[in-house]
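# Tertiary structure, described
Here is how the chains run, residue by residue.
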Amino acid sequence: MIDRAYVQRMARYNRWQNQNLYGVADRLTDADRRLERGAFFGSIHKTLSHLLWADQIWMSRLTGAERPQGGIPESVDLFPDWEKLKSARLEFDATMVDWADGVESPWLAAEHTYYSFATDRTIAKPRWILVTHMFNHQTHHRGQVHCMLTQAGGRPHDTDLPVMPE
């Protein structure tokens, strides 16, 4: 089972890598960010929008925070304006870091039940599995964005967890 230190480290890693990718993406033109590049959600912008939506979905499930609008198909258009997407990401990363600071082992060990619209069923799992999935999902889609940024001529910095600044 994971512990609070893991959750804190991964929340900080999430913020660090988002700063990395958004910083590189910010140097591209809007057209380059929106160019369909063959990734699961198509473009850099759409993938980043989906990723913020997914983080908000998971935090709404885990903390009772407000649930974002729409489902997976709408997640790519939730933040059509680049500046608003950047601002919302920055704000939500701070929310996630603050949340991580309060996570306790008994809370992580407890079972959590939620309804998944993606699978159309109720799921019950220990919270530590759901939290681990949330961070794994982030890494999955950030890897896609990293690839698309590199294809666009961007140079994201290192993604290795051991070199994350303390």
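The sections below set out a description of the structure shown in this document. None of the values given here were measured: they were computed from a predicted structure. (Residues numbered from 1 in each chain as written. Predicted model: local features only at pLDDT ≥ 70, side-chain atom pairs only at ≥ 80, totals over all residues. Heavy atoms only, no water.)

## Quick notes on the nonpolar core
Nonpolar side chains tend toward joint burial in soluble globular proteins. Val7, Ile44, Trp99, Val131, Phe135 and Leu149 are the most contacted members of the largest nonpolar core, which has 38 residues in total. Elements with a minimum of two residues in this core: helix 1 (4–25), helix 3 (44–63), helix 5 (82–101) and helix 7 (127–151). With 9 residues, the single largest contributor to this core is helix 1. Leaving out residues up to four positions away in the same chain, Val131 has contacts with Ile2, Val7, Leu62, Trp99, Trp107 and Leu108. (Core = buried A, V, L, I, M, F, W, Y, C linked by side-chain atoms within 4.5 Å. Buried < 20%, exposed > 50% of the residue type's maximum accessible area, 1.4 Å probe, protein only. Helix = DSSP H or I, 4+ residues; strand = E, 2+ residues; numbered from the N terminus. Contact = heavy atoms within 4.5 Å.)

## A few points about the layout of surface pockets
The computed volume of the largest pocket comes to approximately 400 Å³. Those elements that place two or more of their residues in the lining of the largest pocket are helix 3, helix 4 (72–75), strand 1 (111–116), strand 2 (121–126) and helix 7. Its residues assigned to classes, the lining of the largest pocket shows 12 nonpolar, 6 polar and 3 charged. (1 Å grid on protein atoms, 1.4 Å probe; cavity = no way out; pocket = protein on both sides within 12 Å on 5 of 7 lines; lining within 4 Å. Points joined across faces, edges and corners; volume = space filled by probe spheres on them. Nonpolar A, V, L, I, M, F, W, Y, C, P; charged D, E, K, R; others polar.)

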